[in-house]
Amino acid sequence: MPKINPFRSAMRQLTRAAEVLQLEPDILAILKKPYKILDVTMPVRMDDGSIKVFEGFRVQYNDARGPYKGGLRFHPQVDRDEVKALAFWMCIKNAVIGIPYGGAKGGITVDPKKLSKGELERLSRKFIERIAHNIGPETDVPAPDVNTDPEIMAWMVDEYSKIAGKFTPAVITGKPLSLGGSEGREEATGFSGVEVLKLAAQELKLKKNATVAVQGFGNVGHYFALFASRNKFKVVVLSDSKGGIYSARGLDIAKVAEWKKQMGQLKGYPGTAEITNEKLLELPVDVLVPAALENQIHEKNARKIKAKSIIEMANGPTTPDADPILWKRKILVVPDVLSNAGGVASSFLEWSQNRSGYYLSKQEVLKRLQKYMLEAWQNVWNTQKAYGKDLRTAAYVLALTRIAEAIKGRGL
Ligand code: GLU
């Protein structure tokens, strides 16, 4: 996999859409840089008594449309430029899906699988201690992302609440239900991605049992695969960081999840063939779903993709060099800023519930998500028609129009 700087990619996407939209140069200049970057270090006492110093970031990219919003990622590859890119993508995503937030992202450079639970908790709390005075329900609202989950969010809410002197659930979304989390938040991103899959399948006239390959089996990949099979798609490939499994007959997602829980990996699941994370991208399936990390589909493999559609559930899985190749080959790429936006939309519902004290049922949450996704899809689709460009550029054009209006409205 070529080494590609995600922030450079994000800025190329921005420039491409800005040209199409003829965005004012002043607004473009503002959007080329984040408003604020918090660069923090966290000394943490390890279980053996030693001290280890970790590095983390919170990038507050732009808050013209509302409080900064975006997840926190724990991964060894986390660096400043990756978090900058992810924060920028959150600005675009929140504007595409039409929720009143700006964009942010955070991360810690760490492999959480190598930490004990106690070490993980101390690191999570220390991170919040470092950024506490720069976040808050009306300032910046973190959430889960790669390798972070409701339990970690709970420690973080507790740490923030101690510093604030009062229980403040609205400072973080993706919490457990017992601490003000929302019904439906856990499955929201995968569920909403499948809403998009259904809309794309209609456009492409895909038949029942259309085949799907999903790369990544974290929260997003897992629920996407589950809802896709419930909606009569045939999931033939699943993978995690250790590799993938393939079955032409289709996979039973609940059983595979059970296996992964017991074995710690997908590989070895009975009745399947092994496939690498690179090779699975090139399989002759109808729909390809990257749901892991950035830069998976690039200039070198874009010509080998055989799927009719790519539904991006990871953030930034396709590079700007791959986009025109896929567009020329008439592969329908549904961009991350649209297809995985259900996650942050459900965060918005959670935050609203925390602030109003009125709680929704799972059915109500999922229904609202369906509406968000359909509206966003129609808006992006109409923009694509109006401008004659790919869906990513269309989504950016729509988002940039909204962000520019907010920046100008507030006065430069
Ligand atoms: N991490 C998710 C994303 O990339 C959700 C962010 C949020 O809910 O704030 O969209």
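Treat the numbers as computed from the prediction; the structure is a model and nothing was measured.

Comments concerning empty space enclosed by the protein
Argument step 1. Under the definition given, this model contains two cavities of 30 Å³ or more.
Argument step 2. Empty space within the largest cavity amounts to approximately 40 Å³.
Argument step 3. Along the walls of the largest cavity sit Q13, R16, A17, D323, R392, T393 and Y396, which together make up its complete lining.
Argument step 4. Of the residues belonging to the lining of the largest cavity, the class tally is two nonpolar, two polar and three charged.
Argument step 5. There is about 30 Å³ of room inside the second largest cavity.
Argument step 6. As for the second largest cavity, its lining consists of N62, A64, R65, C91, Y101, G102, G103 and I403.

What about a positive patch on the surface?
Argument step 1. A surface patch of like charges, here positive, comprises R303, K304, K306, K328 and R329.
Argument step 2. Using a relative accessible area of 56% as the deciding quantity, one classes R303 as exposed.

A short note on the packing of helix α6 (residues 185-204) against helix α12 (residues 362-387)
Argument step 1. Where α6 meets α12, the closest approach of the two axes is 10 Å, and the angle between their N-to-C directions is 45°. Taken together, the axes of α6 and α12 are oblique relative to one another. Considering the relative orientation of α6 and α12, their crossing is right-handed. Mapping the contact onto sequence places E187, A188, F191, S192, E195, V196, L199, A200 and E203 in α6 and K362, L366, L369, Q370, M373, L374, W377 and W381 in α12.

Calculation notes
- Residues numbered from 1 in each chain as written.
- Predicted model: local features only at pLDDT ≥ 70, side-chain atom pairs only at ≥ 80, totals over all residues.
- Heavy atoms only, no water.
- 1 Å grid on protein atoms, 1.4 Å probe; cavity = no way out; pocket = protein on both sides within 12 Å on 5 of 7 lines; lining within 4 Å.
- Points joined across faces, edges and corners; volume = space filled by probe spheres on them.
- Nonpolar A, V, L, I, M, F, W, Y, C, P; charged D, E, K, R; others polar.
- Patch = residues over 30% accessible without salt bridge, like charges linked within 9 Å, V, L, I, M, F, W, Y side chains within 5 Å.
- Areas by Shrake-Rupley, 256 points an atom, 1.4 Å probe, with all protein chains shown as cover.
- Salt bridge = Lys/Arg side-chain N within 4 Å of Asp/Glu carboxyl O.
- Lys, Arg positive; Asp, Glu negative; His and termini not counted.
- Charge placed at Lys NZ, Arg CZ, Asp CG, Glu CD.
- Buried < 20%, exposed > 50% of the residue type's maximum accessible area, 1.4 Å probe, protein only.
- Axes fitted to C-alpha atoms, helices over the stretch in contact; angles between N-to-C directions.
- Helix = DSSP H or I, 4+ residues; strand = E, 2+ residues; numbered from the N terminus.
- Parallel < 35°, antiparallel > 145°, perpendicular 65-115°, else oblique.
- Left-handed = near helix turned anticlockwise from the far one by under 90°.
- Contact = heavy atoms within 4.5 Å.

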